Amino acid sequence: MPVQECLQVIENVRIKEDVFRLVLSGQRHFFLKCGQFVNVKVPGKALRRPISVTSYTDHTVTLTYRIAGEGTKRLTECTGELDVINECGNGFSFDLFDRDILLIGGGIGTAPLVACAEEAVKRGLKVHAVFGFRDRSQTLFEEEMQKLGADLHYVYDEDGENTVTKVRDLGWQDMNFLCCGPTVMMRAVDELMTGEGEFSLETRMGCGFGGCMGCSLKLKSGMARICKEGPVFRKGEILWENLL
Ligand SMILES: Cc1cc2nc3c(=O)[nH]c(=O)nc-3n(C[C@H](O)[C@H](O)[C@H](O)COP(=O)(O)OP(=O)(O)OC[C@H]3O[C@@H](n4cnc5c(N)ncnc54)[C@H](O)[C@@H]3O)c2cc1C
Ligand code: FES
């Protein structure tokens, strides 16, 4: 359940030209799941900014954010304490996996998949992953995924490759998977995969906890709020044309 609280900024450092790692800590025991997000109050901005959980412990949460506009730019200057709504959204479920898990990510959408890899290893699953970026300078999470023993494949637009063609070339279409990245990529993944899977969706948000209906989306089964019933939805539920 979403919890509003002030968390201590332990680290807020640049890890790539326009990407930062933000580590927050609190006294309370966090009950986070991979695929959930933290809704961050940025000074001077009325609306909070949703950022996925990259990693977590009982008392810390690590976020990875790319500077997209004024809000995330201001976030780079934050020190001391941050007002956040923690434990937002439903998160990924792991009921599809008993031995292997495939993680498919694009760009900053790879961030929540690191938490999934950590959870998968705790559950004794073998992690396979295909992560795509525009070019090599944008590569994220190499060290984290290596430490987890993941069978990780990077692809780069600059080489004329993409995550979807790579999954197909590896013959992994029938694996069960979790996916997060640009909407066009996720739609192509949905069309390619014969295995079951889940997608984490992105949208502009208002409240972030189900109160304003600002993130409502029509699914095959009816209306859902991305911040509350999502951001994670099952393959087969999403009407991609409503997101593009
Ligand atoms: C559930 C969820 C998880 C997210 N996780 C991460 C994460 O782990 N790391 C990360 O870097 N970003 C993440 N985002 C996106 C992040 O919330 C936005 O980049 C951020 O709110 C932009 O704020 P801003 O003030 O910097 O930019 P703005 O000035 O608000 O926007 C700058 C540009 O980005 C576009 N934009 C803003 N928000 C979104 C959005 N949600 N989806 C698509 N386009 C958007 C705007 O249309 C505009 O073109 C997540 C979004 C959601 C909904
Ligand atoms: S952002 Fe308010 S209901 Fe989702």
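Every value quoted in this text rests on a predicted model; they were computed, and no experiment measured them.

Criteria and cut-off values
Residues numbered from 1 in each chain as written. Chains lettered and ligands numbered in written order. Predicted model: local features only at pLDDT ≥ 70, side-chain atom pairs only at ≥ 80, totals over all residues. Near = placed C-beta within 6 Å. Helix = DSSP H or I, 4+ residues; strand = E, 2+ residues; numbered from the N terminus. Nonpolar A, V, L, I, M, F, W, Y, C, P; charged D, E, K, R; others polar. Domains from an automatic or database assignment. Buried ≥ 20, exposed ≤ 12 C-beta atoms within 10 Å, placed from the backbone. Core = buried A, V, L, I, M, F, W, Y, C linked by C-beta atoms within 7 Å. Contact = placed C-beta atoms within 7 Å. Pairing = 2+ DSSP bridges. Axes fitted to C-alpha atoms, helices over the stretch in contact; angles between N-to-C directions.

Points about the site of ligand 1
Every one of the 20 residues lining ligand 1 counts as a neighbour, but Ser52, Ala68, Gly69, Gly71 and Thr72 are closest to it. Secondary structure elements with two or more residues in the shell around ligand 1: strand 4 (49–56), strand 5 (60–66) and helix 1 (70–75). When residues in the shell around ligand 1 are grouped by element, the largest group, four residues, is from strand 4. Split into classes, the residues belonging to the shell around ligand 1 amount to nine nonpolar, six polar and five charged. Among the domains, domain 1 (3–88) and domain 2 (100–242) are the pair contributing at least three residues each to the shell around ligand 1.

Focus on unusual backbone geometry
Cis geometry marks the peptide bond from glycine 230 to proline 231, where omega comes out at 15 degrees. The topology assignment puts proline 231 in the loop between strand 13 (222–225) and strand 14 (232–234). Located in the positive-phi region is glutamate 87, a residue other than glycine, with phi close to 60 degrees. Secondary-structure assignment places glutamate 87 in strand 6 (residues 81–88). In this structure, phenylalanine 141 is a non-glycine residue whose phi angle is positive, near 70 degrees. If you trace the backbone, phenylalanine 141 turns up in the loop between strand 8 (126–133) and helix 3 (142–147). With 23 C-beta atoms packed within 10 Å, phenylalanine 141 lands in the buried category.

Some details on the nonpolar core
In this structure, Val38, Val53, Leu103, Cys116, Ala117 and Ala129 are the most contacted members of the largest nonpolar core, which totals 66 residues. If you tally residues by element for this core, the top one is helix 2 (residues 111–122), at seven residues. Residue contributions to this core reach at least three from each of two domains, namely domain 1 (3–88) and domain 2 (100–242). With near-sequence residues (within four places) excluded, leucine 103 lies in contact with Leu113, Cys116, Ala117, Val127, Ala129, Phe177 and Leu178.

Quick look at the sheet that holds strand 10 (residues 177–180)
An order of 9-8-7-10-11-14 is seen for the six strands of this open sheet, with the pairing classed as mixed. Of all strands in the sheet, those bounded by a partner on one side alone are strand 9 (151–156) and strand 14. Averaged over neighbouring strand pairs, the angle between their axes works out to 15 degrees when direction is ignored. Pairing between strand 7 (residues 100–106) and strand 8: seven bridges, direction parallel. Bridge pairing in strand 8 places leucine 102 opposite histidine 128.

Section: the domain arrangement of the chain
Here the domain parsing of the chain yields domain 1 (3–88) and domain 2 (100–242). Centre-to-centre, using C-alpha coordinates, domain 1 lies 20 Å away from domain 2. Contact residues are listed per partner, giving 18 residues for domain 1 and 18 residues for domain 2. Breaking the side of domain 1 that touches domain 2 down by element, the ones donating at least two residues are strand 3 (37–40), strand 4, strand 5 and strand 6. Looking at the side of domain 1 that touches domain 2 element by element, the count peaks at six residues for strand 4. Tallied by class, the residues present in the side of domain 1 that touches domain 2 amount to nine nonpolar, six polar and three charged.

Overview of the pairing of strand 6
Among the eight residues that make up strand 6, six are buried, leaving the element largely enclosed by the rest of the structure. The pairing of strand 1 (residues 3–16) with strand 6 spans six bridges and is classified as antiparallel. Residue pairing for strand 6: glutamine 8 is matched across the bridge by glutamate 81. Pairing between strand 3 and strand 6: three bridges, direction antiparallel. If you follow phenylalanine 37 over to strand 6, its bridge partner there is cysteine 88.

Overview of helix 2
Counting along an α-helix, one turn takes 3.6 residues, and residues three or four places apart therefore face a common direction. Counted residue by residue, helix 2 has nine buried out of 12 residues, so it is predominantly covered. Residues of helix 2 that are buried: Ala111, Pro112, Leu113, Val114, Ala115, Cys116, Ala117, Glu119 and Ala120. Once helix 2 ends, the next one or two residues include glycine 124, with phi positive near 80 degrees.

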